[in-house]
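Chains, contacts and geometry: an overview
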Amino acid sequence: MVEHRKPIPVTEAVERVINKAQALGIESVALHDSYGRILAEPIKASHDVPPFNRSPYDGFAIRSADSAGASGDTRVQFEVIDHIGAGAVSGKTVEKQQAVRIMTGAPLPAGTDAVVMFEQTVDSGETFTIRKPFEPLENVSLQGEDMKEGDAVIESGSFIHPGTIAVLATFGYAQVEVAKRPVVGILSTGTELLDVSEPLVPGKIRNSNGPMIAAQLARMGIGCKTYGMSADELDESFNIVKQASEETDVLITTGGVSVGDFDFLPAIYERLEAEVLFNKVAMRPGSVTTVAVANGKFLFGLSGNPSACFTGFELLVRPAILKMMGADKLYLPRTRAVLAEDFTKANPFTRFIRASYDGSSIRPAGFNMSNAVSSIARGNALIVLPGGTRGYQAGASVDVLLLGVEEGASEWTL
Ligand SMILES: Nc1nc2c(c(=O)[nH]1)N[C@H]1C(S)=C(S)[C@@H](COP(=O)(O)OP(=O)(O)OC[C@H]3O[C@@H](n4cnc5c(N)ncnc54)[C@H](O)[C@@H]3O)O[C@H]1N2
Ligand code: MOO
Ligand SMILES: [Mg+2]
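About the cut-offs
Residues numbered from 1 in each chain as written. Chains lettered and ligands numbered in written order. Predicted model: local features only at pLDDT ≥ 70, side-chain atom pairs only at ≥ 80, totals over all residues. Heavy atoms only, no water. UniProt positions renumbered as here; feature names shortened; annotations may be inferred. Helix = DSSP H or I, 4+ residues; strand = E, 2+ residues; numbered from the N terminus. Buried < 20%, exposed > 50% of the residue type's maximum accessible area, 1.4 Å probe, protein only. Areas by Shrake-Rupley, 256 points an atom, 1.4 Å probe, with all protein chains shown as cover. Lys, Arg positive; Asp, Glu negative; His and termini not counted. Charge placed at Lys NZ, Arg CZ, Asp CG, Glu CD. Donors = N, O, S within 2.8 Å, 3.2 Å for Na, K, Ca; no water. Near = heavy atom within 4 Å. Polar contact = N/O pair within 3.5 Å; in protein donor to acceptor, adjacent residues only side chain to side chain. Nonpolar A, V, L, I, M, F, W, Y, C, P; charged D, E, K, R; others polar. Core = buried A, V, L, I, M, F, W, Y, C linked by side-chain atoms within 4.5 Å. Contact = heavy atoms within 4.5 Å. Pairing = 2+ DSSP bridges. Axes fitted to C-alpha atoms, helices over the stretch in contact; angles between N-to-C directions.

Looking at an unreviewed UniProt entry, the chain carries the name Molybdopterin molybdenumtransferase, with the source organism given as Planococcus shixiaomingii. Recorded in UniProt under Catalytic activity (unreviewed entry), the annotation for the chain is "adenylyl-molybdopterin + molybdate = Mo-molybdopterin + AMP + H(+)". Entered under Sequence similarities (unreviewed entry) in the UniProt record, the comment concerning the chain runs "Belongs to the MoeA family."

Printed below as a string of structure tokens:
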């Protein structure tokens, strides 16, 4: 008799997965290897930035008081007593009507408190004149204006992006404490599967899910162990899944999770005495997505259908892995957009439509069935239509989840 599964809402499925996911600890990596990792220590400013008052322009450092009364008719003259570029410190103390020729980034010499840009002078080499008075600290980049010593600059749990790396380098972090990444394995199940390089033969298709998931992991900065493809054969598949789950923190399988005669994942979970968190989610595609935990290891049973597989990864695998990586922003960023064409199908379950989003409007990316491959390629976002609805007309405002964004959102608000 066919098994009747009870679907749970997507939000609950996500919650169950997140509740099981645990951070894996901390390791130290070289700064140049830290892009894409999750920071495991808060970053405090260990000194002021900039560390000294400096010139933001190429020009002359003066004492602002000496510029008083300058005008187009009564130009005020200065004598140039030194010349410094960024990296140099002037040993001179600037006295009345004196100035130092100074380049952008160089520290203001003792006594000076303003900078005159070259463009504001008539320059004769030894001397120059100006036609306007300068305020104290005019054209000065102030010590600590960017960050003050002791400031909390970046929170632990943040994604390390190029800007984060600039801050870490500024404060001398040659090594950075980051969260450990999980070891993730991929196994594509299905007797029908051919490797990418094999020619098509009747009844077979090429394995697109395996390479796709490897790339979904790669864009999260995660490598993977690939366990290749397995035929739909219970004992053989059980052995591979058992071994793979022992060698990984997360094993992602594709296919074989539904109720077909050759869908063996449910039997494998049973043999492994795994705790099945759910085996039916009120979402389409991806309703058969099954998540189980065996001996502390995650088993993600994604659907074989490519669009369902893709969506199951983005909605359920991704936040779990991010949580294991110590991230505090686990979810796909969400926005609203205007639907560019009618979508009249009924949505018995929450529907996720692969779609292309241009920053304001969004359009389903063509053939959008669970078994579609083309729409995954064309889409850069998912339209979310709530379950129990139908009949969305062009112009309607819809929820959108953005794909491929470096850093996610901290809230799951569907
Ligand atoms: N009687 C029922 N039949 C089905 C149900 C159901 O509830 N009752 N659910 C349907 C839904 S929804 C989906 S989704 C699929 C899920 O199937 P499985 O996860 O068991 O996956 P398979 O049966 O192994 O394959 C489904 C489909 O995907 C193709 N496939 C599999 N692996 C790959 C791969 N690595 N690359 C590309 N394509 C792949 C496979 O050839 C099949 O066409 O079940 C429905 N049936
Ligand atoms: O899991 Mo299926 O994708 O709902 O078509
Ligand atoms: Mg099946």
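Continuing now.
Regarding the overall build of the chain
A count of helices and strands for the chain gives 7 helices and 26 strands. Across its three principal directions, the C-alpha atoms of the chain cover 100 × 50 × 40 Å. The buried share of the chain, reckoned over its 414 residues, is 47%. If you sum the accessible surface of the chain, you get close to 19100 Å²; carbon and sulfur atoms cover 52% of it. Positive and negative charge centroids in the chain, built from 37 and 49 side chains respectively, lie 6 Å apart.

Some words on the coordination of the magnesium ion (ligand 3)
Binding of the magnesium ion (ligand 3) to the protein goes through Asp 263 (OD) and Asp 263 (OD), at separations of 2.3 to 2.4 Å. Along the chain, Asp 263 turns up in the loop between strand E15 (250–254) and helix H5 (265–271).

Section: the site of ligand 2
Near ligand 2 the following residues occur: Arg 284, Pro 285, Gly 286, Ser 287, Val 288, Ala 308 and Ser 370. Residue Gly 286 places a main-chain N or O atom 2.7 Å away from an oxygen atom belonging to ligand 2. The contact in question runs from an oxygen atom of ligand 2 to an N or O atom on the backbone of Ser 287, over 2.6 Å. Here the residues of the shell around ligand 2 sort into 3 nonpolar, 3 polar and 1 charged.

Some remarks on the nonpolar core
Counting 50 residues, the largest nonpolar core has Ile 252, Phe 298 and Phe 300 as the members making the most contacts within it. With 10 residues, helix H6 (residues 306–324) is the single largest residue contributor to this core. When residues no more than four places from it in sequence are discounted, the contact partners of Ile 252 are Val 184, Gly 185, Ile 186, Leu 187, Ile 213, Leu 217, Phe 300, Leu 302, Phe 313 and Val 317.

Concerning the sheet that holds E15
Spatial ordering of the open sheet is given by E14-E11-E15-E19-E18-E16, a layout of 6 strands whose pairing is mixed. Of all strands in the sheet, those bounded by a partner on one side alone are strand E14 (225–230) and strand E16 (275–278). The sheet shows a mean angle of 20° between the axes of neighbouring strands, taken without regard to direction. Both E15 and strand E19 (residues 297–302) contribute to a ladder of 5 bridges, which runs parallel. Each bridged residue has a counterpart across the sheet, and for Thr 253 the counterpart in E19 is Gly 301. Against the sheet, helix H1 (residues 10–20) touches E16, strand E18 (290–294) and E19, its axis set at about 140° to E16.

Side note on unusual backbone geometry
Val 49 connects to Pro 50 through a cis peptide bond whose omega is -10°. You will see that Asn 139, though not glycine, has its phi angle at about 60°, which is positive. With relative accessibility at 19%, the residue Asn 139 sits in the buried group.

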